[in-house]
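Structural overview for review
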Amino acid sequence: MHRLFAAIRPPRPVRERLSMLMQGVRGARWQNDGQLHLTLRFIGEVEPRPAEDIAMALEGVSVPAFEIALDGIGFFERKGRPSALWAGIAPSDSLKKLQAKIERCCRRVGLDVEHRNFLPHITIARLNASTGPIENFLEHNAGLVGPNFAVGEFHLFESHLGRAGAHYESIARYPLNAKG
């Protein structure tokens with residue numbers, strides 16, 4: 001079985017900026033550089049043949065390259081408790097278009113519809129019940145904004161789960177059109 005997702009890998013300066021934020025929350029499991037990505041579509045566990053079909057279908061995604069920027073900090077909750085900290089992405093019609101095309105490709109190869117709304121973000125920490133308070137972190141970093149950065153490709157990643165957390169391997173790269 002392959003555990004897959006489609007995502008954008010931010011450039012090194014953006015990852016370095018995010019790494020500088022990763023402190024000040026007791027017990028947080030901060031993401032390492034190799035884990036920083038913007039998920040476009042979580043695919044989940046698939047057999048080898050459907051994985052190949054997905055990889056081939058994604059080759060048909062055609063959108064112009066575009067730019068996005070970091071914008072704010074937030075968190076997800078599970079059962080009323082914070083479960084993850086994330087850096088937000090400024091609204092982008094181009095990003096929404098890319099995500100929608102990827103979703104359509106996934107549905108064409110038989111995957112279920114993704115029912116969660118697309119909220120563009122980069123997870124920076126995983127949290128659990130013993131994690132310290134996050135309010136100071138959120139307040140201190142609420143004004144996070146970043147310069148625009150180019151999105152010229154997306155990847156199909158395979159997630160390998162281990163004791164030290166997940167390791168992500170790019171198994172396919174999909175360049176975007178240089179011009180519309």
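Residues numbered from 1 in each chain as written. Predicted model: local features only at pLDDT ≥ 70, side-chain atom pairs only at ≥ 80, totals over all residues. Heavy atoms only, no water.

1. Notes on the overall build of the protein
A count of helices and strands for the protein gives four helices and 10 strands. Ordered by position in the sequence, the α and β elements of the protein form the string β-α-β-β-α-β-β-β-α-β-α-β-β-β. Relative to the globule expectation of 16 Å for 180 residues, the C-alpha radius of gyration of the protein, 16 Å, shows essentially globular dimensions. In terms of its C-alpha atoms, the protein occupies a principal-axis envelope of roughly 45 × 35 × 25 Å. (Helix = DSSP H or I, 4+ residues; strand = E, 2+ residues; numbered from the N terminus. Rg over C-alpha atoms; globule rule 2.2 N^0.38 Å.)

2. Brief notes about unusual backbone geometry
Of note, the phi angle at K79 is positive, near 55 degrees, even though the residue is not glycine. Within the fold, K79 resides in the loop between strand 5 (70-78) and strand 6 (81-89). Among the residues examined, K79 registers a relative accessible area of 83% and is labelled exposed. (Buried < 20%, exposed > 50% of the residue type's maximum accessible area, 1.4 Å probe, protein only.)

3. A closer look at the nonpolar core
The tendency in soluble globular proteins is for nonpolar side chains to be buried side by side. Ranked by size, the top nonpolar core spans 48 residues in total, and within it L18, L40, L58, L85, L98, I102 and F154 carry the most contacts. Considering every element that reaches this core, the biggest residue donor is helix 3 (residues 93-108), with five residues. Residues F5, A7, F157 and Y168 belong to the second largest nonpolar core, which totals five residues. (Core = buried A, V, L, I, M, F, W, Y, C linked by side-chain atoms within 4.5 Å.)

4. Side note on the layout of surface pockets
Taken as a whole, the largest pocket spans an internal volume of roughly 1,200 Å³. Taken together, 34 residues form the lining of the largest pocket, with T39, R116, H121, T123 and R126 sitting closest to its centre. The greatest single-element share of the lining of the largest pocket, amounting to four residues, is contributed by strand 3 (residues 38-46). By residue class, the composition of the lining of the largest pocket is 13 nonpolar, 11 polar and 10 charged. Elements with a contribution of two residues or more to the lining of the second largest pocket: strand 6 and helix 3. (1 Å grid on protein atoms, 1.4 Å probe; cavity = no way out; pocket = protein on both sides within 12 Å on 5 of 7 lines; lining within 4 Å. Points joined across faces, edges and corners; volume = space filled by probe spheres on them. Nonpolar A, V, L, I, M, F, W, Y, C, P; charged D, E, K, R; others polar.)

5. Some thoughts on the environment of L156
Here L156 lies in strand 9 (residues 153-162). In sequence terms L156 and S170 are 14 residues apart; their C-alpha atoms lie 5.8 Å from each other. Setting aside anything within four residues of it in sequence, one finds L156 in contact with L4, F5, A6, I43, A55, L58, E169, S170, I171, A172 and Y174. (Contact = heavy atoms within 4.5 Å.)

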